[in-house]
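# Understanding the architecture of this molecule
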Amino acid sequence: MEKFGFHKVSNANANPGQPTISHSRPNVDTRAITSQHQQQPTNYKRQFIVEQCPNNAIALSNCIGVHPDDFNQFANHSPILLDGHYVVTIEKSELSKPGTIGLAGDSRKWGKWSLGQTVQVESYNIFQNKSANQYLGAVELLVDFRSKAKAKSMNISHDELVEAFKYICENQILQPTQPIVLDFQGSVLQLLVNNVQVVDVNKDDNLPTIKESIDLSTKGILLRQTDVIFYPNEKSLINLVKPASILGLKFGTSPHHRPKPRKQIINPDFKLEDLGIGGLDNEFQDIFRRAFNSRILPPEIAEKLEIKHCKGLLLFGPPGTGKTLIARKLSKMLNGRDPKIVNGPEMLSKYVGESENNIRKLFKEAEDEFKQKGDDSDLHVIIFDELDSVFKQRGSARSDGTGVGDNVVNQLLSKMDGVDQLNNILVIGMTNRLDLIDSALLRPGRFEIQIEISLPDEKGRRDIFLIHTAKLRENKILTSDVDFDELSTLSKNFTGAEIEGLCNSAKSFAISRHTKSGALAKIDEKTINEMKITRNDFLLALNEIKPAFGTDEEDLNLAARHGIIQFNESITNIFDKGRSIVDLVKNNETETLRSILLYGSSGVGKTAIASTIALGSDFPFIKMLSAESVVGRSEAQKIQYIDTVFRDVYKSPLSVLVIDKIETLINFVNIGPRFSNDILQLILVYLTKLPPKGRRLLIIGTTSEYSVLERMSLVKAFTDLIAVPSLKTVEEISKVMDKISFKSIEERKQILNAISSYEINIGVKKLIEELMVNNSSDYSVDDVVLNLVPKLTQI
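Quantities reported herein were computed from a predicted structural model and do not represent experimental measurements.

The next subject is the environment of Leu665. Along the chain, Leu665 falls in helix H19 (residues 662-665). Measuring from C-alpha to C-alpha, the distance between Leu665 and Ser676 comes to 8.9 Å, with eleven residues separating the pair along the chain. Ignoring anything within four residues of it in the chain, the contact list for Leu665 reads Leu625, Ser626, Ala627, Val630, Ile642, Ile659, Ile679 and Ile683.

See the structure below:
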């Protein structure tokens, strides 16, 4: 035992003169705790040399040996501070050399001190700060044999071990990671302070506050009333026999044990605004209610309710809405172990079996603690970012084809809810593509809770603006005309990340006003300190930063670049009906899906009408799906693109989707006829599939092949059918000519008079195209008539 800092000892008096290990602690001071800890100088600071503990009695009393002359101002068994971190209790002994402190081997190992090393010694008064008088409400220790060579299978009474421990360490200051050697019934045991619960009983409101910690900096006084619980160290041969009353309940609830307050999973000082995440209050409340509520219940209540803790939480939604940010901020609200945050692709390895081993490593710490402590184990949180990149559907084309992806999924499945079930884990995953994840991961027992982190609403956007401009407002850099209500209204469908980008863009516009003319990289130091960010800077930024889930304005405006010409009453009726359907979707929560099919001959302006109705809806998300957007793609790629478009429109509360030239989109050709049945079936499904809860969708389709779509049963999938007429009369053509200012008034009359004898049937789009070609000054009236007549009847 000499190498551990003890003199050679025996447990019997067979050899007179040789010291015997016993529970008797020399000179136990029974005075009031506060007096014991306060009887010492306030500013004592000296350097001492580290030596071995002078005898076993001092070492086994969890004290260090000091010479009385060096500490004549201290009461015996006073605490002192070593190297600013480690609190120990002194035992005055003439056996100690002056100028030295005698540390047992385990204590030296704890502070990483070697014999002969210099150590800084200071006085320590835990009551110095009157607002934080700290006592130990509970302490958790790991126990094993001190010598592995003398380890044996042994049953130990938990209560007797607690009494022996308290007899030695009562009134001492303990802290996590502290080693203690205890002689118990002839066996030398190694104890390790694993976790302490500090009770502050001196708060202004006279209510105790509780802090549980595994950190070395946390310190508290062990009292007779302190709850103490032991656990065997990993692979220990010790079997602790605990009273039935404390089995499965942390620190016990028997009449002989004061119940330990339930560990607070969520930091009691935590506030949502501290996270710096706006617009997600409801989502956070759902996370707390479904993932953490069961874990903060008293054990006896949880047992009565037969609650099974949530093991998996999946956050999904569009990119930039704050899923990863939530994960990064989780450590601030969780009280205890820091979450393990891993990026999905980091799990994969080129070496055989290494990817699966990486998954096992993530769960190993939780497994080891659960084997040791069972339900008393702390909560271990594992966070997977980009979950869909690794845990794809097994055995499908979406997997990587090597089998590694399937094995990784299998490994995660077994760890979350396999044969050896763990009750001390919570796996949180984030993904932009819920549909790609293996379905077995989404069942109860795994990622059973799935919460959508969607685009922020108007209030949420305002909160996010306030977060990203907090420093600007604090430093009075914003001008008074910046209206956050206005900005939140103008930033429809912006994600949190896009709002942050918008704020950065506004700053860049403000900075650019203070660069020297002719030198882009030089700041005008005379004016930069007076820089202000104005409302106009934000408006300029709104023109620069566009939301990914916004409006396809460019494509829609091109479709109606000549505007809408009300050449007859039918066109007016079409827009009236279109606006009424838009209002129905916008204002009636039960009408979550409406679809309009605009049909008519080629060139009658169906796309222009559809685009104008969509833009006039003022919906935050407007998307156009046309044949041009999928040109050059294979059939499988087209299916994937169409599927993605529909998933995107579901991410906004109000969306309009324009499906232009449906017959072309499904690859229809008259020769055959031929078409893609897979694309047809996909569109049929989405035309009738109701959007998710809280989402409303208007679909506007156009076709020049009404009869073809009718045979394909596509017409039946639309809720409203609107025919778009062609021009039939000279008066209608005259209105079009007037609208685009075709030729002179006199020339228009001559042209109209010349074509009045013909049967007219032409689409407005075709007519405008012909008129634009014939609007050149070189064309005479006869030339124009000659060019127009063949076109007027070619519908």
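Here the narrative resumes, following the displayed structure.
Remark: helix H16 (residues 569-587) packs on helix H17 (residues 606-616), axes separated minimally by 10 Å, with the N-to-C direction vectors making an angle of 40°. By the angle between their directions, the pair H16 and H17 is classed as oblique. Where H16 crosses over H17, the handedness of that crossing is right-handed. Residue-level contacts link Ile574, Phe575, Gly578 and Val582 of H16 to Ile609, Thr612 and Ile613 of H17. Among the residues forming the contact of H16 with H17, the class breakdown is five nonpolar, two polar and no charged.

For the rest of this paragraph, the subject is the side chain of Glu369. Looking at where Glu369 falls in the secondary structure, it is placed in helix H8 (residues 354-373). Judged by relative accessible area, Glu369 falls into the buried class, the value being 5%.

On to the environment of Ile683, then. Here Ile683 shows up in helix H20 (residues 677-688). When the C-alpha atoms of Ile683 and Ile659 are compared, they prove to be 9.8 Å apart, with 24 residues separating the residues in sequence. Non-local contacts of Ile683, meaning those with residues more than four positions away in its chain, are made with Leu665, Ile666 and Leu714.

Once that is clear, we can look at the nonpolar core. Counting residues in hydrophobic clusters, the biggest one holds 48 residues, and the most contacted among them are Leu698, Ile700, Ile733 and Val736. The contact partners of Leu698, leaving out residues within four places of it in the chain, are Ile581, Val582, Val585, Arg594, Ile596, Phe619, Ser655, Val656 and Leu657. Counting 35 residues, the second-largest nonpolar core is a separate cluster that includes Val649, Phe668, Leu684 and Leu687.

Scanning the model with the defined rule gives zero disulfides in all. The structure places no disulfide on Cys169, whose sulfur is separated from the nearest cysteine sulfur, that of Cys63, by 8.3 Å.

A word on the packing of aromatic side chains. Scanning all chains against the criterion turns up 13 aromatic pairs. Between Tyr44 and Phe71 the ring centres are 5.6 Å apart and the planes differ by 40°, which places this aromatic pair in the tilted class. A residue pair is termed long-range when its members are at least 10 positions apart, and Tyr44 in the loop between helix H1 (33-38) and strand S1 (45-52) and Phe71 in the loop between strand S2 (63-66) and strand S3 (79-82) qualify at 27 residues. There is no split in this pair, since Tyr44 and Phe71 are both buried.

Let us now look at the sheet that holds strand S4 (residues 86-92). Pairing is mixed around the closed barrel formed by six strands, whose spatial order is S1-S5-S2-S4-S3-S6. Pairs of neighbouring strands in the sheet enclose a mean axial angle of 45°, with direction left out of account. Bridge count between S1 and strand S6 (residues 118-123): five bridges; the pairing is antiparallel. Of the residues in S6, the one forming a bridge with Lys45 is Glu122.

Take the sheet that holds strand S18 (residues 380-385) next. The five strands are arranged S17-S18-S19-S16-S20 in an open sheet whose pairing can be described as parallel. On the outer flanks of this sheet lie strand S17 (340-343) and strand S20 (449-452), each paired with one strand and no other. With direction set aside, neighbouring strand axes in the sheet form an average angle of 20°. The pairing of strand S16 (residues 312-316) with S20 spans four bridges and is classified as parallel. Each bridged residue has a counterpart across the sheet, and for Leu315 the counterpart in S20 is Ile451.

A few words now on the packing of helix H24 (residues 764-773) against helix H25 (residues 781-792). The description of two packed helices rests on the angle between their axes and on the distance between the axes. Where H24 contacts H25, the axes come no closer than 11 Å and their chain directions differ by 165°. Taken together, the axes of H24 and H25 lie roughly antiparallel to each other. When the axes of H24 and H25 are compared, the crossing they make is right-handed. Counting all contacts with H24, which are made through Leu767, Glu770 and Leu771, the residues of H25 involved are Asn787, Leu788 and Lys791. Grouping the amino acids of the contact of H24 with H25 by side-chain chemistry returns three nonpolar, one polar and two charged.

What follows deals with the pattern of salt bridges. A full pass over the atoms with the stated rule returns 25 salt bridges. For Arg146, the salt bridge is made with Asp106, and the minimal N-O distance between the two is 3.0 Å. Pair noted here: Arg146 is in the loop between strand S7 (134-145) and strand S8 (154-157) and Asp106 is in helix H3 (residues 105-111), with a separation of 40 residues, a long-range link. Across the pair, exposure class does not vary: Arg146 and Asp106 are buried alike. With a shortest N-O distance of 2.6 Å, Lys148 and Asp144 are connected by a salt bridge. Salt bridges here are not isolated pairs; linked through shared partners, they connect Arg433, Asp435, Asp643 and Arg647.

Thresholds, definitions, all that
Residues numbered from 1 in each chain as written. Predicted model: local features only at pLDDT ≥ 70, side-chain atom pairs only at ≥ 80, totals over all residues. Heavy atoms only, no water. Helix = DSSP H or I, 4+ residues; strand = E, 2+ residues; numbered from the N terminus. Contact = heavy atoms within 4.5 Å. Axes fitted to C-alpha atoms, helices over the stretch in contact; angles between N-to-C directions. Parallel < 35°, antiparallel > 145°, perpendicular 65-115°, else oblique. Left-handed = near helix turned anticlockwise from the far one by under 90°. Nonpolar A, V, L, I, M, F, W, Y, C, P; charged D, E, K, R; others polar. Buried < 20%, exposed > 50% of the residue type's maximum accessible area, 1.4 Å probe, protein only. Core = buried A, V, L, I, M, F, W, Y, C linked by side-chain atoms within 4.5 Å. Disulfide = S-S within 2.5 Å. Phe/Tyr/Trp six-rings, centres within 6.5 Å; stacked < 30°, edge-to-face > 60°. Pairing = 2+ DSSP bridges. Salt bridge = Lys/Arg side-chain N within 4 Å of Asp/Glu carboxyl O.

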